[in-house]
Amino acid sequence: MKEEENPEHQNGDPSASSSSSSSSSSTARSPEFLTETKDQSSSTSRDKCRSQDTVAMKEDNAEYLNDGPSSCSTAQELNLLAETEDPSSTYAIAMKEDSPAYHNDDSASLSTVAQDPELPTETQEQRCGSREAVGKRRPLKMKAGSYYIPHMRKLKGEDAHFICEREQVVGVADGVGGWAKLGIDAGVYARELMSHAEQAVRASPEGFVDPFQVLATAHARTNALGASTACIMALKDQYIHTVNIGDSGFLVVRDNAVLYHSPAQQRGFNAPYQLQNSGGDTPSDAEIKSMGVEPGDIIVVATDGVFDNLFDSEVVPLIKSGLAFHQSAERIANLIADAAQRNSIRRLKETPFSRACRKAGKRRKGGKKDDITVVVMCILEADD
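For the protein, the name recorded in an unreviewed UniProt entry is Protein phosphatase, with Ensete ventricosum as its organism. On record in UniProt, under Sequence similarities (unreviewed entry), the comment for the protein is "Belongs to the PP2C family."

See below:
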């Protein structure tokens, strides 16, 4: 197969140099973080932080290599895993073929709603409402659950995540796979980054967690080689506060429609922003955002293994189905992860990844095999 027909598993090849300034301080922002300030398997415990290490991982087996419940993947399909490019520099921004281009059809601007024509759209006023109205509501809480499916050829995979339900904070990270060609497991970087983030959450003042400061602290303390994207979200009163760098991200779903889809940060096809400990991007390059949420909202925080393989219009029915059967956040995360994994191995399926490839001038059909991490947050009214 020609290289241009199968860009998969160029994933993360370091090939385009980039550097940026050191992390910016969070002191310039309002303590409540009520305004946007900058372009930025399982767990069930309620009262303590849970790292990825405490979450059972769904390991590879034959059932995940098929397009349906009984058919098996052929050797030809597995050949799609062949890698085609070599990195040129250890300290370069890795090229990652999970192109988030579909998140933003206009490369000159950042999208604030999902670019999926099948979903209804709302005005900004309808989506966010007035801050005064939000302020009158009772405080909110989240019930969160997660699901993780590592890449079929990677034992642990390169994703990482944590849930701190007591502090109402979650985070995901996606190690850049191209570093493997340099003999470096970027999953180690991602796991260390999320471990330090979890520790920073625990060390934050009670009732107040700044996601930007959490990410900045974690980045400064992570010494492993490699690079990673990251998204951290905290719920405070009636608002979510987020910091996001690269092509991990989140969806906010309300009344069976996507209210907001975080834009992916990229410098071009296969080139997402990413953190690393030598050169590269820093938390000061991340997008920082706050927005009001309501009881009944469902938030999906995920790595690009989800967003490259599922359109928003495919995620929403999965959430609706889970809610209709009163399923837990963990189970809804499971439904989304399984659907993303099925699409990732379908060679003719139209996916956000195949659409992004065509936009970049590359001939490609089907999904993208990748690690898949999903954290689902159900927003509820807090108990008295």
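Structure shown, so let's carry the discussion forward.
*Asks:* What should I look at first to understand the overall build of the protein in this one?
*Replies:* Within the protein one finds nine helices and 14 strands. The proportion of buried residues among the 384 residues of the protein is 58%. Total accessible area computed for the protein in this model is approximately 15500 Å², and 49% of it derives from carbon and sulfur atoms.

*Asks:* In this structure, what is going on with the side chain of D297? I would like to understand it.
*Replies:* Note that D297 resides in the loop between β12 (287–292) and β13 (298–302). One polar contact links the side chain of D297 to the main-chain amide nitrogen of E294, over a distance of 2.8 Å. The contact partners of D297, leaving out residues within four places of it in the chain, are V252, V253, R254, M377, C378 and I379.

*Asks:* Would you explain helix α4 (residues 186–203) in this entry?
*Replies:* A turn of α-helix holds 3.6 residues, and therefore any two residues three or four places apart point the same way. Its 18 residues place the ends of α4 26 Å apart at the C-alpha level, agreeing with the 26 Å of an ideal helix rising 1.5 Å per residue. Sitting at the amino-terminal end of α4 is D185, which places a side-chain oxygen 2.9 Å from the backbone nitrogen of G187.

*Asks:* Looking at this structure, I do not really get the packing of aromatic side chains. What am I missing?
*Replies:* Aromatic rings considered in pairs are described by the distance between their centres and by the relative angle of their planes. This structure, assessed with the given rule, holds one aromatic pair. Looking at R267, its charged tip hangs above the ring of Y273, at a distance of 4.0 Å from the centre.

*Asks:* Which parts of the structure should I look at to understand the layout of surface pockets?
*Replies:* Take a probe with the size of a water molecule and roll it over the atoms, and the empty space left behind shows itself. Roughly 560 Å³ of internal volume is contained in the largest pocket. Forming the walls of the largest pocket are 26 residues, and the residues nearest its centre are K141, E165, R166, E167 and Q168. Among the secondary structure elements, those contributing two or more residues to the lining of the largest pocket are β4 (140–149), α4 and β7 (227–236). Per element, the largest residue contribution to the lining of the largest pocket is four residues, and it comes from β4. In terms of residue class, the lining of the largest pocket is made up of ten nonpolar, four polar and twelve charged.

*Asks:* Explanation requested: the packing of helix α7 (residues 312–324) against helix α8 (residues 329–344) in the structure shown.
*Replies:* Axes are the key here: two packed helices are described by the angle between their axes and the distance separating the axes. Where α7 contacts α8, the two axes come as close as 9 Å, and the packing angle between them is 145 degrees. In the crossing of α7 with α8, the sense of the turn from one axis to the other is right-handed. Where α7 abuts α8, its residues E314, V315, L318, I319, G322 and L323 lie against I332, L335, I336, A339 and N343. When the residues that make up the contact of α7 with α8 are grouped by side-chain class, the tally is eight nonpolar, two polar and one charged.

*Asks:* How should I be thinking about the sheet that holds β13 in this particular structure?
*Replies:* Strand-to-strand pairing in sheets goes through backbone hydrogen bonds, with the strands running parallel or antiparallel. The sheet built from five strands is open, its strands ordered β4-β14-β13-β9-β10 with antiparallel pairing. Each edge of the open sheet is held by one strand with a lone partner, namely β4 and β10 (257–261). The sheet shows a mean angle of 20 degrees between the axes of neighbouring strands, taken without regard to direction. Lying over the sheet, α8 contacts β4, β13 and β14 (372–381), oriented at roughly 35 degrees with respect to β4.

*Asks:* Is there a simple way to explain the packing of α4 against helix α5 (residues 211–221) in this structure?
*Replies:* In contact at an axis separation of 8 Å, α4 and α5 are set at 130 degrees when each is read in the N-to-C sense. Classed by the angle they form, the pair α4 and α5 counts as oblique. For the element pair α4 and α5, the recorded crossing hand is right-handed. Counted together, Y189, E192, L193, H196, A197, A200 and V201 of α4 and V214, T217, A218, H219 and R221 of α5 form the full contact between these two elements. Residue composition of the contact of α4 with α5, grouped by class: seven nonpolar, three polar and two charged.

*Asks:* Honestly, the pattern of salt bridges in this entry has me stumped. Any pointers?
*Replies:* Opposite charge on two side chains permits them to pair, given that their charged atoms come into close proximity. Taken as a whole and assessed by the stated rule, the structure comprises 13 salt bridges. R254 is the salt-bridge partner of D297, the closest N and O atoms lying 2.7 Å from each other. A residue pair is termed long-range when its members are at least 10 positions apart, and D297 in the loop between β12 and β13 and R254 in strand β9 (residues 249–254) qualify at 43 residues. A relative accessible area of 0% places D297 in the buried class.

*Asks:* Hey, could you run me through α7 in this one?
*Replies:* Taking 1.5 Å per residue as the helical rise, α7 with its 13 residues ought to reach 18 Å, and the 18 Å between its terminal C-alpha atoms agrees with that figure. Within the sequence span of α7, burial applies to D312, S313, V315, V316, L318, I319 and G322. H326 lies just past α7 and shows a positive phi near 55 degrees.

*Asks:* It is not clear to me how the environment of D247 should be interpreted in this structure. Could you clarify?
*Replies:* Mapped onto the secondary structure, D247 falls in the loop between β8 (239–245) and β9. On the basis of relative accessible area, D247 is assigned to the buried category, the value being 2%. In sequence terms D247 and Q274 are 27 residues apart; their C-alpha atoms lie 8.7 Å from each other.

Cut-offs and rules
Residues numbered from 1 in each chain as written. Predicted model: local features only at pLDDT ≥ 70, side-chain atom pairs only at ≥ 80, totals over all residues. Heavy atoms only, no water. UniProt positions renumbered as here; feature names shortened; annotations may be inferred. Helix = DSSP H or I, 4+ residues; strand = E, 2+ residues; numbered from the N terminus. Buried < 20%, exposed > 50% of the residue type's maximum accessible area, 1.4 Å probe, protein only. Areas by Shrake-Rupley, 256 points an atom, 1.4 Å probe, with all protein chains shown as cover. Polar contact = N/O pair within 3.5 Å; in protein donor to acceptor, adjacent residues only side chain to side chain. Contact = heavy atoms within 4.5 Å. Expected span 1.5 Å × (residues − 1). Phe/Tyr/Trp six-rings, centres within 6.5 Å; stacked < 30°, edge-to-face > 60°. Lys NZ or Arg CZ within 6 Å of the ring centre and 35° of its normal. 1 Å grid on protein atoms, 1.4 Å probe; cavity = no way out; pocket = protein on both sides within 12 Å on 5 of 7 lines; lining within 4 Å. Points joined across faces, edges and corners; volume = space filled by probe spheres on them. Nonpolar A, V, L, I, M, F, W, Y, C, P; charged D, E, K, R; others polar. Axes fitted to C-alpha atoms, helices over the stretch in contact; angles between N-to-C directions. Left-handed = near helix turned anticlockwise from the far one by under 90°. Pairing = 2+ DSSP bridges. Parallel < 35°, antiparallel > 145°, perpendicular 65-115°, else oblique. Salt bridge = Lys/Arg side-chain N within 4 Å of Asp/Glu carboxyl O.

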